[in-house]
Amino acid sequence: MHELSMADAIVKTVIEAAEKNEAIEVLEVTVELGQMTLLNPEQLKFMLEVLSEDTIVNGAKFNMEEIPIEIECFSCGFKGKANTDELDHYVPVINCPECEERNLNITAGRECNVKNIKIEKSDEDAQDS
Ligand SMILES: [Zn+2]
């Protein structure tokens, strides 16, 4: 399952960052999720919560930040958000909203990153890392 392997990678990244910063607790994790990845944010969030049990990440709040697909059209020069109304769980077919050509470059929407982690340190107040 796509979401599961992604959730696993994210939890590992968070644990690594938490250990590097000598955290005693992870309070909040913000994940950037591009629409191009076709990952279901709710499912991913659920799996993150399950996988973080018994780790330092247990009890952290996961914020899912969806990144819309943006394109740059080679035919008419349009730059901006793609029309993704019909985008569900199928491989996205993206056309330029201006000229409907498919001769384009996808400039945003492939992200699946840990954007931000908020941790609690033993001798300091919580801070962003
Ligand atoms: Zn175009």
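A quick note: this is a predicted structure, and the numbers were derived from the prediction, not measured. Note that residues are indexed from 1 along each chain, following the sequence as it is written. At least 70 in pLDDT is required for a residue's local features to be given in this predicted model, at least 80 for side-chain atom pairs to be given and counted, and no such filter applies to totals for whole chains, interfaces and linings, which use all residues. The basis for every side-chain value is the complete set of non-hydrogen atoms in the structure, without hydrogens or water.

Peer 1: Before we go on, may I ask you to explain the overall build of the protein in this structure?
Peer 2: The way it works is that DSSP assigns letters per residue, a run of H or I at least four long becomes a helix, a run of E at least two long becomes a strand, and they are numbered from the N terminus. From N to C terminus, the protein includes 2 helices and 7 strands. Scored against the burial criterion, the 129 residues of the protein give a buried share of 36%. Here, residues are in contact when the closest pair of their heavy atoms is within 4.5 Å. Considering only contacts within the protein whose residues lie at least 6 apart along the sequence, 73% involve residues at least 24 apart. All accessible-area figures derive from a Shrake-Rupley calculation using a 1.4 Å probe, and residue coverage is judged against the displayed protein chains alone. Accessible surface computed for the protein: about 8000 Å², of which carbon and sulfur atoms make up 43%. Partly exposed describes any residue whose relative accessible area lies between the buried limit of under 20% and the exposed limit of over 50%, with all areas from a 1.4 Å probe on protein chains only and scaled to the type maximum.

Peer 1: Explain unusual backbone geometry here, please?
Peer 2: Glycine aside, residues mostly have negative phi angles, and peptide bonds mostly take the trans form. Backbone geometry at Leu38 places phi at a positive 60°, although glycine is not the residue there. For Leu38, a relative accessible area of 22% corresponds to the partly exposed category.

Peer 1: Where do I start with the environment of Gly109 in this structure?
Peer 2: Relative to the assigned elements, Gly109 resides in the loop between strand 5 (104-108) and strand 6 (112-121). The class for Gly109 is buried, based on a relative accessible area of 0%. The residues contacting Gly109, other than those within four sequence positions of it, are Gly34, Gln35, Met36, Thr37, Ile67, Pro68 and Ile69.

Peer 1: What exactly am I supposed to notice about the pairing of strand 3 (residues 70-73) here?
Peer 2: Successive residues of a regular strand alternate their side chains across the two faces of the sheet. Burial of strand 3 is one-sided: the residues Ile71 and Cys73 facing one way are buried, the residues Glu70 and Glu72 facing the other way are not. Strand pairing is defined by DSSP finding a minimum of two bridges between the two strands. As paired strands, strand 3 and strand 4 (residues 79-81) are joined by 3 bridges and run antiparallel to one another. Bridging across to strand 4, Ile71 finds its partner in Gly80. What sits between the antiparallel neighbours strand 3 and strand 4 is a turn of 5 residues, in which Gly77 has the positive phi angle 85°. Pairing between strand 3 and strand 5: 4 bridges, direction antiparallel. In the strand pairing of strand 5, Ile71 is matched with Ile106.

Peer 1: Can you walk me through the coordination of the zinc ion in this structure?
Peer 2: Metal donors: N, O and S atoms at distances within 2.8 Å, or within 3.2 Å for Na, K and Ca, with water omitted from the atom set so that some sites may seem incomplete. For the zinc ion, every protein donor is listed as Cys73 (SG), Cys76 (SG), Cys96 (SG) and Cys99 (SG), and the spread of their distances is 2.3 Å. Here the metal geometry follows the donor angles, with tetrahedral for four donors whose angles all fall between 85 and 135 degrees, square planar for four and octahedral for six when opposite donors are more than 155 degrees apart and every other angle is between 65 and 115, and irregular for all the rest. Each of the 4 donor atoms bound to the zinc ion contributes to angles spanning 106 to 113°, and the resulting shape is tetrahedral. Between the donor residues of the zinc ion, the gaps in sequence give the motif C-x2-C-x19-C-x2-C. Taken together, the residues Cys76 in the loop between strand 3 and strand 4 and Cys96 in the loop between strand 4 and strand 5 connect sequence positions 20 residues apart. We classify Cys96 as buried; its relative accessible area is 1%.

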